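Here is how the chains run, residue by residue.
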Amino acid sequence: MSKTLFEKIWEKHVVESIADGPDVLYIDKHFIHEVTSPQAFAGLEKRGLPVFRPQKTIATADHNVPTLHQELPIKEALSRKQVEKLTENCAKYGVELYGLGHPFQGIVHVIGPELGITQPGMTIVCGDSHTSTHGAFGTIAFGIGTSEVEMTLATQCIMQGKPKVMRINVEGKLHPGVVSKDIILHIISKISASGATGYFVEYAGSTIRSLSMEARMTICNMSIEMGARGGMIAPDEVTFAYMRGRKFAPQGADWDKKLEEWKKLKSDDDAVFDRELNIDAGDIEPMITYGTNPGQGMGISDTVPDPEKLQDESERNALRKSLTYMGFKGGEKMKGMHVQNVFIGSCTNSRIEDFRMIASLIKGKKKSPDINVMIVPGSQQVAAQIVKEGLDKIFTESGFFIRQPGCSACLGMNEDKVPAGEYCVSTSNRNFEGRQGPNARTILASPLTAAATALTGKISDVRELLNVNPA
Amino acid sequence: MNSKAISVVTSTAVPLNIENVDTDQIIPARFLKATNREGFGKNLFRDWRYIDNDENKPHEDFVLNQKKYSGKILVAGKNFGCGSSREHAAWAIKDYGFDVVVSSFFADIFRNNALNNFLLPVVVSDGFLHKLFTAIIADPSKEITVDLPSQTITLAGGDSETFQISDYKKTCLLNGYDDINYLLSQRAKIEAFEKSI
């Protein structure tokens, strides 16, 4: 019987299926961080259990770390305690930790792939909803809660109902100035913030195939923002070329053997999906969000939808609430509006290609004097590469301030926050109320749109800076 | 029946008629710095409950601050619990005193987290959800009964609807069993599986 890629990997990892219940799913790789793991370790301690397979868990500190002066002790007492607790737990239970000061430290979804830990065909979990990022390598990767982190530590398994499978086909050529972040924001705006709940998504089609691994990661990363359990892309030559030679990727004869297995990882031609969605790449413009969930997005030349024109009362109320929070009116254009902040970072867009893309746009130009620009590399390795390529000089000369790696202002957990009432064009993944700080107003966009906005001080159409005609 | 188990809950309810309530609203990230599971209830819906992050100034119109509403059941708009996987959201709701959350639609990770904390997520039809909101707002003393053994939710003196839950999870909730206990009992099977791959 023909199968989807998702089904093939899932079935290979089922230890047991419970009648009218979940499957016991074996986990190949488990990532942990300081925020969602302490209670899981406390649970192990209470039960007197060891970590069952410590070599299958990798830890880093990212969510709650400062992005300045990482060489000094963390000032904030609670944050320091949380990071210290991770160090203590990893030492006690024999888990490898890439903590502050380690050359591999960084955002968990940036370091897994760049170190070659993330490999096709794996099941991967982490107590973080953006674990879907790793799906770009043809893995089943998804976010879990802390109770499930404890289950994984204790048994290397979790209990999960098998989701349905949706395929999203993106076909055609992207317009200049349109990048992978725009593809995923476009998809979410079509399907809504809840439209893929209950599904695992496979992204396919010529447009997806033409993307680099880092661009694919951006797409899979935001699968959760439409409610999907995860997102995946079948591995291909682009995947294998990216992986070859990475620190923990297989080497020599082992590589050859694995490569043969990985090449088989794809949906059968006649596999049946529970749902399919077709997207024309030519319809996609640079995207921005106007509301308070990632489904409330539009092309940069569009106007904010008018709640008064909506028929459904609850939808009307929801949109009114979002626009009131954001300070926008139905029917107005966002392009040209002044913003105070630009944040370039997060597990969605903080990899080296993102910074190369931005540097090529801003080289020799200065940021608008009215705007605060924060750049946060995804990992120590990305930060080092920025320096190696001399991109740091371009950023500094343009007035873009580079911080140290971490999740930073994406979630406003450390001191990197957007001031109340101010706008931030952000390359992150969530525009929820207060996400980047109490009463902060987030506009999600691609790294190009964020950089263009930094230069002009206004929400900008990057195509005008690139001298290409908007379609 | 152990202390965590859940069976029949009869209570008044708090109506949170908002869609797409994400876990950043349920518990903002800046309150995730604790290393234990207790005490998150005081920051439940923090930025909707309080003005300017000041505990002394509640938003009078937010449902948790309206004295007429109370109870062990939270009734919320569709796509409840979307966004971040933080289990702290389920801990905060449970710690505040809710045992049941009713909505027409839950985000997947939140639903799992709720079940793992003996916070029962009950999915009802859009029509029934609308009836619940209308009834609670008209009469905040109206009781709702959520009966897990019979998988029914009933408005006092009124309508009723059945809800779905897997047999496995139902048994867990009724008896206070954790998934982790089940998994630990399967260690031999897991080790055999590892040898087979």
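Not measured: the values here are computed from a predicted model.

1. Section: the overall build of chain A
Summing up its helical and strand segments, chain A has 16 helices and 19 strands in all. Radius of gyration (C-alpha) of chain A: 22 Å, near the 23 Å computed for a compact globule of 471 residues. Split into buried and exposed, the 471 residues of chain A put 65% on the buried side. Per element, the accessible surface of chain A, about 16400 Å² overall, is 51% carbon and sulfur. Where the 53 positive side-chain charges of chain A centre and where its 56 negative ones centre are 3 Å apart.

2. Here's the deal with the side chain of Arg351(A)
Residue and element names in this part refer to chain A. Within the secondary structure, Arg351 sits in the loop between β15 (341-344) and α12 (352-362). Despite its burial, Arg351 remains without a salt bridge, the nearest opposite charge being carried by Asp354 at 5.1 Å. Leave out the neighbours within four places in its chain, and Arg351 touches His109, Val110, Thr133, Glu214, Met217 and Val382.

3. Regarding the nonpolar core
Residues Phe45(B) and Phe80(B) are the most contacted members of the largest nonpolar core, which totals 107 residues. Not counting the four nearest positions on each side in its chain, Phe80(B) is found in contact with Leu16(B), Val21(B), Ile26(B), Phe45(B), Leu74(B), Ile93(B), Val101(B), Ser103(B), Phe105(B), Phe106(B), Ala107(B) and Phe110(B). Listed in part, the 92 residues of the second largest apolar core include Ile158(A), Ile208(A), Met243(A) and Leu444(A).

4. Digging into the environment of Gly143(A)
Of note, Gly143(A) is situated in strand β7 (residues 140-143). When the C-alpha positions of Gly143(A) and Arg229(A) are compared, they lie 7.7 Å apart, and in sequence the two are 86 residues distant. Beyond its immediate sequence surroundings of up to four residues, Gly143(A) is in contact with Cys126(A), Asp128(A), Ser129(A), Thr131(A), Arg229(A) and Ile109(B).

5. Topic: the sheet that holds strand β6 (residues 144-147) of chain B
Residues and elements named next belong to chain B. Strand order in this open sheet of four strands is β1-β6-β7-β8, and the pairing throughout is antiparallel. Edge positions in the open sheet fall to β1 (8-11) and β8 (160-162), since each of these has one partner strand only. Strand-to-strand twist in this sheet, taken as the mean axis angle between neighbours without regard to direction, amounts to 10°. By the bridge criterion, four bridges tie β1 to β6 in an arrangement that is antiparallel.

6. Things to note about the interface of chain A and chain B
At the interface, 64 residues of chain A touch 52 residues of chain B. For the pair chain A and chain B, the summed buried surface comes to about 4800 Å²; carbon and sulfur atoms form 58% of the total. In terms of surface lost to chain B, no three residues of chain A exceed Asp20(A), Gln39(A) and Met159(A), which account for 12% of the buried area on that side. Counting across the interface, chain A meets chain B through six salt bridges. Taken together, the connections running from chain A to chain B amount to 27 residue pairs in polar contact (both at pLDDT 80 or more). Where the side of chain A that touches chain B is concerned, the elements lending two or more residues are β1 (14-17), β2 (23-26), α2 (38-47), α3 (77-93), α5 (146-155), β8 (157-160) and α11 (313-326) of chain A. Residues belonging to the side of chain A that touches chain B are distributed by class as follows: 25 nonpolar, 22 polar and 17 charged.

7. Concerning the pairing of strand β18 (residues 423-426) of chain A
All names here are of chain A. A two-sided burial pattern is seen for β18, the buried positions comprising Tyr423 and Val425 on one face and Cys424 and Ser426 on the other. In this sheet, β18 lies alongside β15 in parallel orientation, the contact comprising three bridges. Within the sheet, the bridge partner assigned to Val342 lies in β18 and is Val425. As paired elements, β18 and strand β19 (residues 441-444) share four bridges and run parallel to each other. Each bridged residue has a counterpart across the sheet, and for Ser426 the counterpart in β19 is Leu444.

8. Overview of the confidence of the model for chain B
Scored by pLDDT, chain B comes out at a mean of 95, with 97% of its residues at no less than 70. Interface predicted TM-score (ipTM) for the complex: 0.96; the corresponding pTM is 0.97.

9. Quick notes on the pattern of salt bridges
All names here are of chain A. Scanning the entire structure with this criterion turns up 31 salt bridges over all chains. Among the ionic pairs, Glu276 bridges to Arg167, the shortest N-O distance being 2.9 Å. With a gap of 109 residues between them, Glu276 in strand β12 (residues 275-280) and Arg167 in strand β9 (residues 164-171) connect regions that are remote in the sequence. A relative accessible area of 40% means that Glu276 is categorised as partly exposed. Among the ionic pairs, Glu433 bridges to Lys321, the shortest N-O distance being 2.8 Å. Separated by 112 residues along the polypeptide, Glu433 in the loop between β18 and β19 and Lys321 in helix α11 bring together distant segments of the chain.

10. Notes on the packing of aromatic side chains
All names here are of chain B. If you walk through the whole model with that rule in mind, you get 21 aromatic pairs over all chains. Between Phe40 and Trp91, the ring centres sit 5.8 Å apart and the planes meet at 40°, which makes this aromatic pair tilted. Linking Phe40 in the loop between α1 (23-26) and α2 (46-49) with Trp91 in helix α3 (residues 88-96), this pair joins segments that are 51 residues apart in sequence. Look at Trp91 and you get buried, because its relative accessible area is 5%. Ring plane angle 80° and centroid distance 5.8 Å describe the contact between Tyr168 and Tyr182, whose orientation is recorded as edge-to-face. Linking Tyr168 in helix α6 (residues 167-175) with Tyr182 in helix α7 (residues 179-185), this pair joins segments that are 14 residues apart in sequence.

11. Points about helix α8 (residues 213-221) of chain A
For α8(A), the buried fraction is high: nine of the nine residues fall into the buried class. Considered for burial, the residues of α8(A) that qualify are Met213(A), Glu214(A), Ala215(A), Arg216(A), Met217(A), Thr218(A), Ile219(A), Cys220(A) and Asn221(A).

12. A short note on unusual backbone geometry
Even without being glycine, Asp20(A) reaches a positive phi, approximately 45°. Mapped onto the elements, Asp20(A) comes out in the loop between β1 and β2. Of note, Asn79(B) is a non-glycine position whose phi angle comes to about 60°, a positive value. Its place among the elements puts Asn79(B) in the loop between β3 (73-76) and α3. Relative accessible area serves as the criterion here: at 1%, Asn79(B) is assigned to the buried category.

13. Remarks on helix α6 (residues 180-191) of chain A
Residues and elements named next belong to chain A. Taking 1.5 Å per residue, twelve residues should reach 16 Å; α6 reaches 17 Å between its end C-alpha atoms and fits that length. The buried fraction of α6 is high, at ten of twelve residues. All buried positions along α6 are accounted for by Ser180, Lys181, Asp182, Ile183, Ile184, Leu185, His186, Ile187, Ile188 and Ile191. Phi for Ser192, located one or two positions after α6, is positive at around 85°.

14. Some words on the sheet that holds β1(A)
Residue and element names in this part refer to chain A. With antiparallel pairing, the three strands of this open sheet are ordered in space as β1-β2-β8. Two strands close off the open sheet at either side, each with one partner strand: β1 and β8. The mean inter-strand angle of the sheet, taken between neighbouring strand axes irrespective of direction, is 20°. Of the pairings in the sheet, the one linking β2 to β8 comprises four bridges and is antiparallel in character. Its bridge partner being in β8, Asp23 is matched across the sheet by Gln160.

How each quantity is defined
Residues numbered from 1 in each chain as written. Chains lettered and ligands numbered in written order. Predicted model: local features only at pLDDT ≥ 70, side-chain atom pairs only at ≥ 80, totals over all residues. Heavy atoms only, no water. Helix = DSSP H or I, 4+ residues; strand = E, 2+ residues; numbered from the N terminus. Rg over C-alpha atoms; globule rule 2.2 N^0.38 Å. Buried < 20%, exposed > 50% of the residue type's maximum accessible area, 1.4 Å probe, protein only. Areas by Shrake-Rupley, 256 points an atom, 1.4 Å probe, with all protein chains shown as cover. Lys, Arg positive; Asp, Glu negative; His and termini not counted. Charge placed at Lys NZ, Arg CZ, Asp CG, Glu CD. Salt bridge = Lys/Arg side-chain N within 4 Å of Asp/Glu carboxyl O. Contact = heavy atoms within 4.5 Å. Core = buried A, V, L, I, M, F, W, Y, C linked by side-chain atoms within 4.5 Å. Pairing = 2+ DSSP bridges. Axes fitted to C-alpha atoms, helices over the stretch in contact; angles between N-to-C directions. Buried area = accessible area lost by both parts, 1.4 Å probe. Polar contact = N/O pair within 3.5 Å; in protein donor to acceptor, adjacent residues only side chain to side chain. Nonpolar A, V, L, I, M, F, W, Y, C, P; charged D, E, K, R; others polar. pLDDT = per-residue confidence, 0-100. Phe/Tyr/Trp six-rings, centres within 6.5 Å; stacked < 30°, edge-to-face > 60°. Expected span 1.5 Å × (residues − 1).

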